[in-house]
Amino acid sequence: MKYTVITGASSGIGYEAALAFAARGKHLILAARRTEELEKLKSKMADIDKSLDVVIRTVDLSVSANVHEFYESLQGYSIETWINNAGFGNFASVGKQNLHKIEQMLHLNIEALTILSSLYVRDYAEANGTQIINISSGGGYTIVADAVTYCATKFYVSAFTEGLAQELKGKKAAMQAKVLAPAATETEFAKRSFDVDQFEYEGTVPKFHTAEQMAGFLLELYDSENVVGIVNGVTYDFELRDPIYPYATRTRD
């Protein structure tokens with residue numbers, strides 16, 4: 001029995017991606033901080049397909065000590081797809097940003113993603129049919145005003161994942177690494193980024209996709225041979241692309 005792992009699965013893109021993979025008959029391991037929301041999602045899975053095995057893990061991956069423990073807790077499962085979706089944003093000028101929040105964001109967006117990716121590659125790089133998909137952002141390819149630190153974390157995600165994809169290809173490994181770069185998406189992202197209780201996308205954000213639409217784009221990337229799935233920041237069309245960042249191979253004496 002093979003599983004798809006999705007972090008940050010209690011809401012937004014992770015939640016909709018879980019439903020989309022369940023609709024394909026995939027067994028799931030869903031991780032997030034909110035147990036109640038995960039339980040609700042697991043119940044919803046039973047309506048889609050009662051034969052699915054859905055494992056939930058309550059974990060805060062912004063706490064460094066939890067990351068290794070979370071991965072080790074999954075050693076008894078065979079994992080064919082790993083989706084690092086957990087992450088959050090921040091909108092504030094660099095000199096005025098809340099550094100406690102920034103530290104959490106760096107731990108989650110960069111550190112946890114890197115550790116989980118590295119562990120999964122270590123264990124599954126040669127397993128046929130495996131994929132790792134890391135969720136970046138349009139802000140992982142364009143710096144956005146008043147979101148400089150957030151964009152920098154997503155530049156890291158994009159560069160790290162594209163580089164991993166090139167490395168795996170160079171080694172002729174079985175695993176594929178891919179990066180999804182959404183633009184504005186109707187999720188809880190804005191509320192946490194602006195530290196507000198409510199945020200209405202309709203009437204506030206000129207163009208955006210729903211989380212369900214983004215989950216659909218994620219599946220398009222999953223089904224493709226491309227490395228990057230990115231929303232065009234001008235047209236808001238979804239595009240499948242080859243690696244965007246330049247990649248220099250190391251010369252050997």
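Only a predicted model underlies this, so the values are computations on that prediction, with no experimental measurement involved.

Novice: Would you take a moment to explain the overall build of the chain for this structure?
Specialist: Scanning the chain from terminus to terminus reveals 7 helices and 10 strands. Of all 253 residues assigned to the chain, the portion counted as buried reaches 48%. Accessible area of the chain: about 12400 Å², with a carbon and sulfur share of 50%.

Novice: Where do I start with the packing of aromatic side chains in this structure?
Specialist: In this description, an aromatic ring pair is defined by two values, namely the gap between the centres and the angle between the planes. Under the defined criterion, the tally for this structure stands at 10 aromatic pairs. Seen from their ring centres, F70 and W82 are 6.0 Å apart, and the 65 degrees between their planes marks the pair as edge-to-face. Here F70, found in helix α3 (residues 64-72), pairs with W82, found in strand β4 (residues 78-84); they are 12 residues apart in sequence, far enough to count as distant. The same class applies to F70 and to W82, which are both buried.

Novice: Where do I start with empty space enclosed by the protein in this structure?
Specialist: The gaps left among the atoms become clear once a water-sized probe is rolled over them. Counting across every chain of the model gives 1 cavity of 30 Å³ or more. Estimates place the volume of the largest cavity at around 50 Å³. Every residue lining the largest cavity is listed: T7, L61, N84, N85, A86, L108, A112, L113 and L116. Ranked by the residues each element gives to the lining of the largest cavity, the list is headed by helix α4 (residues 99-124), at 4 residues. A breakdown of the residues in the lining of the largest cavity according to their chemical character gives 6 nonpolar, 3 polar and no charged.

Novice: Help me understand the sheet that holds strand β3 (residues 54-58), please; the structure alone is not making it clear to me.
Specialist: Hydrogen bonds between backbone groups are what pair the strands of a sheet, and the pairing can be parallel or antiparallel. Here we have 8 strands laid out as an open sheet, ordered β3-β2-β1-β4-β5-β6-β9-β10, and mixed in their pairing. Looking at strand neighbours, the two that pair on one side only are β3 and β10 (238-241), the edges of this open sheet. On average, each strand axis in the sheet is inclined to that of its neighbour by 20 degrees, with strand direction left out of account. In the sheet, strand β6 (residues 176-181) pairs with strand β9 (residues 228-231) via 3 bridges, with the strands oriented parallel. Note that in β9 the partner of V179 across the bridge is V228. Contacting β1 (2-7), β2 (27-32) and β4, helix α1 (residues 12-23) runs over the sheet at an angle of about 165 degrees to β1. Taken strand by strand, helix α7 (residues 211-223) contacts β4, β5 (131-135), β6, β9 and β10, and its axis lies near 155 degrees from that of β6.

Novice: What's the story with α1 in this structure? I'm lost.
Specialist: Residue pairs three or four apart in sequence face the same way in an α-helix, which turns once every 3.6 residues. In this model, α1 (12 residues) spans 17 Å end to end at C-alpha, consistent with the 16 Å of a helix rising 1.5 Å per residue. For α1, the tally of buried residues reaches 9 of 12 residues, placing the bulk of the element in the interior. Three or more residues of α1 are buried, namely G12, I13, G14, A17, A18, L19, A20, F21 and A22. Trailing α1 by a residue or two, G25 shows a phi angle of about 80 degrees, which is positive.

What counts, and where the lines are drawn
- Residues numbered from 1 in each chain as written.
- Predicted model: local features only at pLDDT ≥ 70, side-chain atom pairs only at ≥ 80, totals over all residues.
- Heavy atoms only, no water.
- Helix = DSSP H or I, 4+ residues; strand = E, 2+ residues; numbered from the N terminus.
- Buried < 20%, exposed > 50% of the residue type's maximum accessible area, 1.4 Å probe, protein only.
- Areas by Shrake-Rupley, 256 points an atom, 1.4 Å probe, with all protein chains shown as cover.
- Phe/Tyr/Trp six-rings, centres within 6.5 Å; stacked < 30°, edge-to-face > 60°.
- 1 Å grid on protein atoms, 1.4 Å probe; cavity = no way out; pocket = protein on both sides within 12 Å on 5 of 7 lines; lining within 4 Å.
- Points joined across faces, edges and corners; volume = space filled by probe spheres on them.
- Nonpolar A, V, L, I, M, F, W, Y, C, P; charged D, E, K, R; others polar.
- Pairing = 2+ DSSP bridges.
- Axes fitted to C-alpha atoms, helices over the stretch in contact; angles between N-to-C directions.
- Contact = heavy atoms within 4.5 Å.
- Expected span 1.5 Å × (residues − 1).

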